Amino acid sequence: MKLTAILLALLVATQAQQTDPKPLEVSVAAAANGSAEAQRSMEDQLLARLSKATSREEKAFVCRLLRRVGSARSVPALAEMLGSEEDSHIARFALASIPGAEAAKAMRDALSQVPEPLQLGLMASLAARGDEESFPLILERLPSKEAIQALGVLGTKQAARALGTLRGSNDGIGQIDVIDDALLKCAESLLAKGNRADARRLYVGELSTEKVLAGIQGLAAINDLHAKAQVEKALAHQDEVVQLTALRAMIRMLGDDAVSTMLEYLPIAPLNQQVVIVDWLGKAGDGAARVALAEMARSGRASLRLEAIRALGSVGDASTVPVLLKLLSDEDEDLRGTAKNSLVRLQGEDIREAILEKFKETPSKSLIGLLAARRERAALPELLAVCGGEDSSLRGDALKAAGNLATASALPAFVTMLADPKMKGEVKDIESAILSTFREVPDPAERAAPLLAAYKGAEVPTMVTIVNLLGRTGAPNALPVVRAALKSEQSALANAAVHTLARWTTAEPIDDLYKIAESSTNDGHRVVALRSYVNMAKGLDDAAARYEKATVLAKTPDDKRLILSGLARTNSLEALKLCQKYLTEPEVGTEAALACIQIARRAWRQSPDEIKALVTSFSQHQDDTVRENAKVTLERMTQ
Amino acid sequence: MELPTPPSRRRFLQLLGTSAFAAPMIVPSRVFGANERITMGAIGMGNRGRNDLKGFLRFDDVQVLSVCDVVPQHAAEAKRHVDARHGNQDCTVTAEYREILEREDIDTVMIGTPDHWHAIIATEAMRSGKDVFCEKPETLTVQEGRAMADVVKRYGRVFSGGSQRVWGDYNWFHRMIKGGAIGDVQDVWVNVGGSSGLCDLPPVAVPDGVDWERWLGPAPWRPYHPSLVRGGFRPFRDYSGGGMTDWGCHGFGGALFACGLQETGAVDITVRRDAPNGEGLTYTFANGIRIHHGGGWGGILSFKGSEGELPFRDDTRRRPTPPNVHIPNYQGGRGFQGDFIHCVRTRDTPFRSIERAHRTASHCHLGNIAYWLDRSLKWDPDKERILGGEEASRWLQRPMREPWSLNAKSLTSS
């Protein structure tokens, strides 16, 4: 024995004595991967433990492990347990997994000795192993349900014969369903072994009604002339599930001939079958179905039309596009929606051209929606024309679609529309389109260029819109324009400039905002600027100094609350100190305490003792929320 | 455009090549017409089961006739939802699922039980003529999945698994990949939880009203513990595959679908002990694609292809998908549960078919086996056999506690 194997065996032997199950399981896994000696050693240890086990739990635990490493050597000990009402199943749990003749023999031997309820599991395990030697023992236990099932699992010709005999006898009455199920399994086993003749006999025998379905499946697998005839009969079965199952089986059996045959059957099939055939023709994707499907899409029962329209999404071509386009204006919402979905799915240059041609000829909301759903960028020029066109009912939809499809080249066109007097009602849509287009223009300066060009000489409302948009570009060269707008005598423009600076994408205008907060006579502007100033300061290197500077501006309680809310979002010790300054102010003391606690949650590791003491001091605060927050925060700190 | 001339019945017989055509214009006894309601029994009414139930109750054409749970409070809560929706008190309550399977007025069964019950109830339901919607993870072992797939095929039943995320949440990836955004997929990272293990919860006395034997069902016996019946069964191997199968059925399901591998399996599952990016396992497929458990850029899914990457980040997922990418998904226009109802009516195959559900769950089970054994595996996805690993093969199935039985051959049988 090699040294490593000896060491592993020793390790395994030691750990098998342990009571904690998880390490022992690890040892079992190691043994299973180890040498034959290690496995044998582990098995010995487990068997020793099993022999001493007195409780049901202990036996169950060891058997679970023997299932992993047990061999023929474990069979006698496990076999002894098979007669115990409590332990039989767990012994079988291990035994059934052990390969080799010994385990099977032990279960066969036990079959005649254990109480009837325990025989069920033994028969199931023997049949699952495919143990043909157990056949006569199982036969003796007919007509029990479990014996019938076991014969089905065995699946031999011999088993099928016994089941057939039982079916025709008085003993089989009342068990027909179970017997038929077992017979079907036998048929499958026989078919798998190439015995088609015996399998067929079983499939077309006296099956109970529900089992007709199974017969269809089996016959479809056999798929000869006789099988086809049987399945065809089922097309007219009283049960719709049987009918449709037969139809699908027939389609499979027909193979390459299925499309042509189903196209001929389609007009004479009952409606429920027509729906299934049309659905299948769509999935089959054979262009031969196109004409029939287009015809069905035009008129007839709504359920069938829907399926046909859906199928055209798979098999349609340019010739069927007009049918589908016409359906886009159908009064039935379902038909309209399905036609649109089908048109979205159809691909190819000729399809695109047919749709675009129609759009040029008669633009409509439904066509705009279709172009957007198909993401037809080729339609952008036509869409832009509709955006700036005379039909105001289409402009909004066209702008949305064009915005979503737009490339960088469309940006100047959208900006020009901002100044178009007839489009005053669509300014919001134009703004959205421009913002969508920004996605396609990564360079901020390029985003800003057409806006800056249009700004000069624009009317005030347009300037307001442009200033708003400039704030979304993030372009440094846009900032001077916005700063200039701050000084405008037009209040709308100045107002827009303040808000634009407040949501600037970088911290560049932070000093402009400070000035507004410091000197503006407009309270609204002052509040917006101060809030943005505090937000922008977060993350800057000189954040602490800026917070301190901000506190100078806080005159009113509302200002102070604003500053505190900004400070609370930081994890800075300097911010914490600033908050503490407000703790004694009666109007904002509670907010200051809450801000301190919020900062403490993030920053306490920077100065644990000091911050813990501060938060502890809030445990006696007069405000319930402060006390509760302090308690939760202290708990987190001590975890 | 003209329709082809309708064929005579005789012509149709010739087309089929048979001689016994029966008149199709009949009135079926069981009709799923547009206005007919699909009736449903709902089994397993814990949190997840009740969520699924509420999903089906949104549909006017679904009527829930009965609910079942071994915990009386769960069943009572479910009945309250059903009765409120239908405006009556007709929904029956039972702790015995077979009462639902025996009812001829119930067309479909929804299963929301713990995982170790899925296969037993699903196969029995399908044998009883019901179509089945089963919450994920649909199976506890590879053998269960194959047995369920066999029953679906045998009886022509409609079966839908219950992962709403494979398409609903991850379709952006599918569209991007099919649209060629990253070229050929090479690597996928799936971040889901780990495997389950031994249950070492202490024994607790069974409270009144809880049928513990029934909750355990086919699983090996162990003493009662309250967290197990309250949804805390997932970490334990007797009842679940852990996070590996729970979210794995979503995440790996998404990865397999995106790569077109949803109906096959890996050929090699390698345990990665010191992977630089934290991968625990790497699954390699016959076409060379690798799917990793763990690693990547964070998020549940991330992809790397020959021409780019798709990490699971919100800013990336705002990228528009390529136009005109159509991927067959749910039918019927009402999400994944509506897909099931549509297929019940048309006898078509739902998006989360049994084969996809089984293959996805098997992918997760094989990962678990590799973790449990702490060693790499070779897998034959066609024959569904582990190559060269008798100890590993033992995990492909588990004997059930009597009187429960899957009535299926073991995957290691001769």
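Quick caveat: nothing in here was measured; it's all calculated off a predicted structure.

Chemist: Got a sec to walk through unusual backbone geometry? Specific residues and values, please.
Modeler: The omega angle of the peptide bond from Leu 142 of chain A to Pro 143 of chain A is 10°, so this bond is cis rather than trans. Structurally, Pro 143 of chain A can be placed in the loop between α9 (135-140) and α10 (145-154). Omega for the bond connecting Lys 136 of chain B with Pro 137 of chain B falls within 30 degrees of zero, at -10°, which places this linkage in the cis form. With respect to the helices, strands and loops of the structure, Pro 137 of chain B is situated in the loop between β5 (131-134) and α6 (142-155).

Chemist: Could you give me a rundown of the sheet that holds strand β9 (residues 281-284) of chain B, with the residues and numbers involved?
Modeler: All names here are of chain B. One open sheet accounts for 8 strands, arranged β12-β11-β7-β10-β9-β8-β13-β14; its pairing is mixed. Of all the strands in the sheet, just β12 (308-310) and β14 (385-386) have a single pairing partner and so form its edges. The pairing of strand β8 (residues 268-271) with strand β13 (residues 377-380) spans 2 bridges and is antiparallel. Bridge pairing links Asp 268 to Lys 378 in β13. On top of the sheet, helix α8 (residues 171-178) reaches β7 (185-190), β11 (301-305) and β12; it is set at about 165° to β12, its chief contact. Packed on one face of the sheet, helix α15 (residues 354-373) meets β8, β9, β10 (290-293), β13 and β14 and runs near 135° to β9.

Chemist: If you had to explain empty space enclosed by the protein to someone new, which residues and values would you point to?
Modeler: A full pass over the atoms with the stated rule returns 9 cavities of 30 Å³ or more. The space that makes up the largest cavity amounts to roughly 110 Å³. For the largest cavity, the full set of lining residues is Phe 93 of chain A together with His 116, Leu 140, Thr 141, Glu 144, Pro 218, Ala 219, Pro 220, Asp 238, Arg 398, Pro 399 and Met 400 of chain B. A per-class count over the lining of the largest cavity returns 7 nonpolar, 2 polar and 3 charged. When residues of the lining of the largest cavity are sorted by domain, at least three fall in each of domain 1 (38-165) and domain 2 (168-325 + 355-414) of chain B.

Chemist: A description of the domain arrangement of chain B should follow, citing residues and the corresponding values.
Modeler: Residue and element names in this part refer to chain B. As far as domains go, chain B holds domain 1 (38-165) and domain 2 (168-325 + 355-414). For domain 1 and domain 2, the distance between their C-alpha centres works out to 23 Å. Between domain 1 and domain 2, the contact holds 34 residues from the first and 47 residues from the second. Overall, the association of domain 1 and domain 2 removes approximately 3400 Å² of surface from exposure, summing both partners, and the carbon and sulfur fraction of that is 60%. By the criterion of area lost to domain 2, the three top residues of domain 1 are Val 142, Gln 143 and Arg 165, representing 23% of everything that side buries. Connecting domain 1 to domain 2 are 6 salt bridges. A salt bridge links Asp 169 to Arg 165, with the shortest nitrogen-to-oxygen separation between them at 2.7 Å. Between the two partners, domain 1 and domain 2, sit 21 residue pairs in polar contact (both at pLDDT 80 or more). A total of 8 residues in the side of domain 1 that touches domain 2 trace back to one element, the largest contributor, which is helix α5 (residues 115-127).

Analysis parameters
- In this numbering scheme, every chain counts its residues from 1 along its sequence in written order.
- Naming scheme: in the order in which they are written, chains are lettered from A and ligands are numbered from 1.
- Note on the predicted model: pLDDT of at least 70 is required for a residue's local features to be given, and 80 or more for side-chain atom pairs to be given and counted; whole-chain, interface and lining totals, by contrast, use all residues.
- Note that the side-chain values use all heavy atoms of the structure and ignore hydrogens as well as water.
- Helix numbers and strand numbers start at the N terminus; a helix is a DSSP run of H or I with at least 4 residues, a strand a run of E with at least 2.
- The pairing criterion is simple: DSSP has to find at least two bridges between the two strands.
- Any pair of residues with heavy atoms lying within 4.5 Å of one another is described as a contacting pair.
- An axis is simply a line fitted to the C-alpha atoms; with a helix, the fit covers only the stretch in contact. Between two such axes, the angle follows the N-to-C directions and lies from 0 to 180 degrees.
- Only protein atoms enter the 1 Å grid used here. Points where a 1.4 Å probe fits but cannot escape make up a cavity, open sets with protein on both sides within 12 Å along at least five of seven lines make up a pocket, and a residue lines them when an atom lies within 4 Å of a point.
- Grid points are joined across faces, edges and corners, and a volume is the space filled by probe spheres set on the points.
- Think of it as three bins: nonpolar holds Ala, Val, Leu, Ile, Met, Phe, Trp, Tyr, Cys and Pro, charged holds Asp, Glu, Lys and Arg, and polar takes everything else, Gly as well.
- By convention here, the domain bounds are inherited from an automatic or database domain assignment.
- Accessible surface is computed with a 1.4 Å probe, and the buried area is the amount of it that two parts give up when combined, taken over both parts together.
- We define a salt bridge as a side-chain nitrogen of Lys or Arg found within 4 Å of a carboxyl oxygen belonging to Asp or Glu.
- Polar contacts here mean pairs of N or O atoms no more than 3.5 Å apart (in protein, one a potential hydrogen donor and the other a potential acceptor; neighbouring residues in sequence count only if both atoms are side-chain atoms).

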